[in-house]
Amino acid sequence: MGILVPIIFFAVAYIVSLFVTGRTIFGNATLMEWACLISGLLLLLIGYASMPKRDNNGVKRTLFSVINHDTFFFIPVIVWGIILVGLSIFIFIR
């Protein structure tokens, strides 16, 4: 799950760069704020979807069936999502 963080960030940055005039990731504030916001929200959704939840029988289930039900791999994805959304809000305000 952790490998999704850089893949999603650079894929979103590439897609956003198609609509923004400056093509560099770290030199263009507009590109950074939108790439961080969109990828952060995607990572938060993926992290939330991979959290184990208990069904009516008390069995832990996730939306992704390939993930072991006792793992904590969703935590770094959620943390990186929060960091990226916070960074984008900081850049938007600045």
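Rules behind the numbers
- Residues numbered from 1 in each chain as written.
- Predicted model: local features only at pLDDT ≥ 70, side-chain atom pairs only at ≥ 80, totals over all residues.
- Heavy atoms only, no water.
- Helix = DSSP H or I, 4+ residues; strand = E, 2+ residues; numbered from the N terminus.
- Buried < 20%, exposed > 50% of the residue type's maximum accessible area, 1.4 Å probe, protein only.
- Contact = heavy atoms within 4.5 Å.
- Areas by Shrake-Rupley, 256 points an atom, 1.4 Å probe, with all protein chains shown as cover.
- Axes fitted to C-alpha atoms, helices over the stretch in contact; angles between N-to-C directions.
- Parallel < 35°, antiparallel > 145°, perpendicular 65-115°, else oblique.
- Left-handed = near helix turned anticlockwise from the far one by under 90°.
- Nonpolar A, V, L, I, M, F, W, Y, C, P; charged D, E, K, R; others polar.
- Patch = residues over 30% accessible without salt bridge, like charges linked within 9 Å, V, L, I, M, F, W, Y side chains within 5 Å.
- Salt bridge = Lys/Arg side-chain N within 4 Å of Asp/Glu carboxyl O.

## Notes on the overall build of the chain
Secondary structure summary: the chain contains three helices and two strands in total. Expressed as a percentage of its 94 residues, the buried residues of the chain come to 34%. Pairs at least 24 apart in sequence give 54% of the contacts found in the chain among residues at least 6 apart. Only carbon and sulfur atoms are counted for the fraction: they give 72% of the accessible area of the chain, which is about 6,300 Å².

## So, the packing of helix α2 (residues 29-49) against helix α3 (residues 74-93)
It is the contact of α2 with α3, at a shortest axis distance of 7 Å, that shows an interaxial angle of 150°. Comparing their axes, α3 and α2 come out roughly antiparallel. In this structure, the crossing between α2 and α3 has a hand that is left-handed. Considering only residue class, the contact of α2 with α3 consists of 19 nonpolar, five polar and one charged.

## Thoughts on a nonpolar patch on the surface
A cluster of nonpolar side chains, namely Trp34, Ile38, Leu42, Ile89, Phe92 and Ile93, defines an oily patch on the protein surface of about 560 Å² accessible area. Those elements that provide at least two residues to the nonpolar patch are α2 and α3.

## Side note on the environment of alanine 29
Following the sequence through the fold, alanine 29 ends up in helix α2. A relative accessible area of 37% places alanine 29 in the partly exposed class. Taking the C-alpha atoms as reference points, alanine 29 and isoleucine 91, 62 residues apart in sequence, are found 7.1 Å from one another. Each residue touching alanine 29, except ones within four places of it in the same chain, is listed here: Ile91 and Arg94.

## Considering the environment of glycine 2
With respect to the helices and strands, glycine 2 occurs in the segment before α1 (4-17). Linking glycine 2 and phenylalanine 73, residues 71 residues apart in sequence, is a C-alpha distance of 7.2 Å.

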